[in-house]
Amino acid sequence: MALLQISEPGQSPDPHQRRLAVGIDLGTTHSLVATLRHGVPECLPDEQGRVLLPSVVRYLEGGRRQIGREAQAAQAEDAENTIVSVKRLMGRAWADVIGAERLPYRFVDQPGMVGLSTRDGVKTPVEVSAEILATLRYRAEDTLGDDLYGAVITVPAYFDDAQRQATKDA
C-alpha cells in the first residue's frame, strides 16, 4: 500500500487521464463550489454569473422542487415546504433540535435523524442537503465540461461525528 505517490513535476501517474475535483462550501445560508484552474482558485458561477447559491430547497407537488434563489423567493408564501438553514439540523435527532417551536416546519420524530414533513413526503436534512450539493455538482460539471472525480465539502469545526457523517451521506 502506497501512502504517498511521487511523480516528476508536471507528470501524474496516468498522464492521459484528466481528473476534475472541486471544493464545496455547504453553508447554512449560502453555498458555493470552487476549483483550481491553472493553479488559481476560482468560484464557479451559475448561468447568470452568480457564485452564491442560497441554501434553500422548496418541495412542490409531483416530486418537483426549486433550489436556490427561486426557492428563497417563495419562502414567505410557502414556509412549511421551503427548507432553509437545514445545516443546523444535520445529524440531529428530535431531542437535539433546539427552538423547533419557532420554526415553520412540521417535524417528524423518527429513529436516527429528525425528519421534515413536506408536500413531497418526509425529508431528512441529509436529503435536503443532497439537493443543494447536486445543484452545485451540476453547476461544476457544466462549467468544467466533464464529470467530477472528487469533491471536498467543508464542515464547521464544531460539528460532531454524527454531523460530519450526515454531511458525507448527503
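Here the structure is a predicted model, which is why all the values come from computation and not from measurement.

(A) Representation of the nonpolar core. In this structure, Val 22, Val 33, Ile 83, Phe 107 and Leu 116 are the most contacted members of the largest nonpolar core, which totals 29 residues. Elements that contribute at least two residues to this core include exactly β1 (21–25), β5 (56–59), β7 (82–84) and α2 (125–144). Of the residues forming this core, the biggest block, six residues, is contributed by α2.

(B) Examining unusual backbone geometry more closely. Non-glycine residue His 38 carries a positive phi angle of around 55°. Within the secondary structure layout, His 38 lies in the loop between β2 (30–37) and β3 (40–43). In this structure, Ser 85 is a non-glycine residue whose phi angle is positive, near 55°. Within the secondary structure, Ser 85 sits in the loop between β7 and β8 (106–108). For Ser 85, a relative accessible area of 23% puts it in the partly exposed group.

(C) Representation of the packing of aromatic side chains in the model. The tally for this structure, following the rule as stated, stands at three aromatic pairs. Between Trp 94 and Phe 107, the ring centres sit 5.4 Å apart and the planes meet at 45°, which makes this aromatic pair tilted. With a gap of 13 residues between them, Trp 94 in the loop between β7 and β8 and Phe 107 in strand β8 connect regions that are remote in the sequence. For Trp 94, a relative accessible area of 36% gives the class partly exposed. Taking 5.7 Å as the distance between ring centres and 75° as the angle between the ring planes, the aromatic pair formed by Tyr 158 and Phe 159 counts as edge-to-face. With a relative accessible area of 64%, Tyr 158 lands in the exposed category. Chaining the aromatic ring pairs together yields one cluster made of Trp 94, Tyr 105 and Phe 107.

Cut-off values and rules
Residues numbered from 1 in each chain as written. Predicted model: local features only at pLDDT ≥ 70, side-chain atom pairs only at ≥ 80, totals over all residues. Heavy atoms only, no water. Core = buried A, V, L, I, M, F, W, Y, C linked by side-chain atoms within 4.5 Å. Buried < 20%, exposed > 50% of the residue type's maximum accessible area, 1.4 Å probe, protein only. Helix = DSSP H or I, 4+ residues; strand = E, 2+ residues; numbered from the N terminus. Phe/Tyr/Trp six-rings, centres within 6.5 Å; stacked < 30°, edge-to-face > 60°.

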